[in-house]
Amino acid sequence: MCAMPRGHKVKNGYASVASLAGADDYKLIAKKCTEMGHKMGHSTARNVLLSAMMKVADALHRSQGNIYTNRQLFEIARNPTFQSGVADILNGN
Amino acid sequence: MNVKSKLRSHEILTREQEVEYAKKIEAGDRRARDKMIHANMRLAASIAKKYAGKGVDFDDLMQESTIGLMKAVDRFDWRKGFKFSTYAYWWILQTVKQYVESNKGPISLPANASSRLYHASKVREDFEKEFGAAPTETELAELLGTTSNTLRSLRKSAAFCVSLDSQVRPGEDRRSYKDSLTDTSLTPEEALEAAQTKKLINDALSNLSAREQAVLRLRFGIEL
């Protein structure tokens with residue numbers, strides 16, 4: 001297994017699901033999605049989430065008149081602060 | 001006759017009189033017991049006065065110190081050769097202290113809870129002196145041989161409560177605690193911005209595939 005680059009966690013942190021009631025981890029998401037008919041493993045679940053977050057980030061930035069490259073959108077989408085911000089807004093917090 | 005003059009109306013006993021009364025009390029003389037209690041009421045009052053203004057009523061303190069005095073009278077052993085006041089002082093002090101500790105907050109704490117809290121603050125001080133940093137909740141609980149949950153509930157129960165309507169500085173300032181609270185609700189502009197952001201996100205979500213929506217919903221624990 002490849003080790004996490006030094007300082008990665010300090011710089012980016014991890015988006016945790018611990019504080020969100022009813023939130024699942026990727027393994028559980030993969031299992032539940034497979035049961036729903038969307039067959040996937042835990043890494044696919046993560047990639048699907050990132051792709052969805054990229055679409056959300058793109059829509060948000062376009063509304064502000066900013067257009068970002070896919071690479072930039074990917075960086076925004078994987079940012080735990082962005083993810084928890086979106087989750088908070090959707091949860092009405 | 002006011003309380004002060006009532007207290008002064010009872011003469012202080014000499015050592016010989018104390019021994020004489022103690023012997024009578026041992027023999028079951030109720031009058032001697034009353035006399036001994038009355039003669040030492042000034043001592044009880046002086047101890048109660050020390051604890052006045054600590055969040056409990058003075059009349060209650062006086063009552064508690066009298067209870068302490070009565071305990072001392074019942075347990076005094078004249079054969080040991082001490083003056084009664086030396087012996088009674090500690091009984092009165094203990095009773096009063098225990099009462100103040102248990103009743104100074106809105107929640108009455110058992111005596112052992114107060115002493116545990118006191119012990120916790122001592123341990124914390126010692127830890128800070130030794131390591132130059134405050135112990136974490138878990139470390140402190142471990143040092144005290146308890147759980148952090150218990151420690152937290154103890155602290156919560158002993159917390160000092162203030163009415164939001166009471167004045168911050170009575171007499172000087174008319175402002176109440178309620179006036180100094182920060183309004184954390186959103187301004188109309190912020191609320192509008194939040195609503196717009198939510199609408200934007202919802203629009204973006206509606207364009208996602210069923211698979212993406214399912215993953216997002218499960219990941220964030222939301223209903224889409």
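For the structure, check the block above.
All figures in this text were calculated on a predicted structure; none of them were measured in a lab. (Residues numbered from 1 in each chain as written. Chains lettered and ligands numbered in written order. Predicted model: local features only at pLDDT ≥ 70, side-chain atom pairs only at ≥ 80, totals over all residues.)

### A look at the packing of helix α2 (residues 26-36) of chain A against helix α11 (residues 210-220) of chain B
At a minimum axis distance of 10 Å, the contact between α2(A) and α11(B) shows a crossing angle of 140°. The angle between α2(A) and α11(B) falls in the class oblique. Considering how the two elements wind past one another, α2(A) and α11(B) form a crossing that is right-handed. Where α2(A) approaches α11(B), its residues I29(A), K32(A), C33(A) and M36(A) are matched on the opposing element by R211(B), A214(B), V215(B), L218(B) and R219(B). Broken down by class, the residue content of the contact of α2(A) with α11(B) amounts to six nonpolar, no polar and three charged. (Axes fitted to C-alpha atoms, helices over the stretch in contact; angles between N-to-C directions. Helix = DSSP H or I, 4+ residues; strand = E, 2+ residues; numbered from the N terminus. Parallel < 35°, antiparallel > 145°, perpendicular 65-115°, else oblique. Left-handed = near helix turned anticlockwise from the far one by under 90°. Contact = placed C-beta atoms within 7 Å. Nonpolar A, V, L, I, M, F, W, Y, C, P; charged D, E, K, R; others polar.)

### Looking at helix α7 (residues 111-131) of chain B
With 21 residues, α7(B) extends 30 Å between its outermost C-alpha atoms, agreeing within 8% with the 30 Å of an ideal straight helix rising 1.5 Å per residue. Looking one or two residues beyond α7(B), the residue adopting positive phi is G132(B), at roughly 75°. (Expected span 1.5 Å × (residues − 1).)

### What about the packing of helix α5 (residues 58-75) of chain B against helix α6 (residues 84-103) of chain B?
Helix-helix packing is characterised by the crossing angle of the two axes and by the distance between the axes. Residues and elements named next belong to chain B. The interhelical angle for the contact between α5 and α6, taken along N-to-C directions, is 140°, at an axis separation of 8 Å. One finds that α5 runs oblique with respect to α6. In the packing of α5 onto α6, the handedness of the crossing is right-handed. Every residue of α6 that contacts α5 at L61, E64, S65, I67, G68, L69, K71 and A72 is listed here: Y87, A88, W91, I92, Q94, T95, V96 and Y99. Of the residues that constitute the contact of α5 with α6, the class distribution is ten nonpolar, four polar and two charged.

### Some thoughts on the interface of chain B and chain A
It is common to give the size of an interface as the accessible area that goes away when the parts come together. If you look at the interface, chain B gives 19 residues, while chain A gives 26 residues. Every element with two or more residues in the side of chain B that touches chain A is listed here: α10 (188-206) and α11 of chain B. In terms of residues, the side of chain B that touches chain A owes the most to one element, α11(B), which gives eight residues. Within the side of chain B that touches chain A, the residues separate by chemical class into eleven nonpolar, three polar and five charged.

### A look at the nonpolar core
Counting residues in hydrophobic clusters, the biggest one holds 24 residues, and the most contacted among them are I29(A), C33(A), A45(A), L49(A), A52(A), V56(A) and V215(B). Mapped by element, the contributors of at least two residues to this core are α2, α3 (42-63), α4 (70-78) and α5 (80-90) of chain A together with α10 and α11 of chain B. C33(A) has contacts with H38(A), M40(A), A45(A), R211(B), A214(B) and V215(B), leaving out every residue within four places of it along the chain. Counting residues in each nonpolar core, the second largest holds 20 residues, with M36(B), L61(B), V73(B) and W91(B) among its members. (Core = buried A, V, L, I, M, F, W, Y, C linked by C-beta atoms within 7 Å. Buried ≥ 20, exposed ≤ 12 C-beta atoms within 10 Å, placed from the backbone.)

Purely geometric stuff here, so don't read any function into it on its own.
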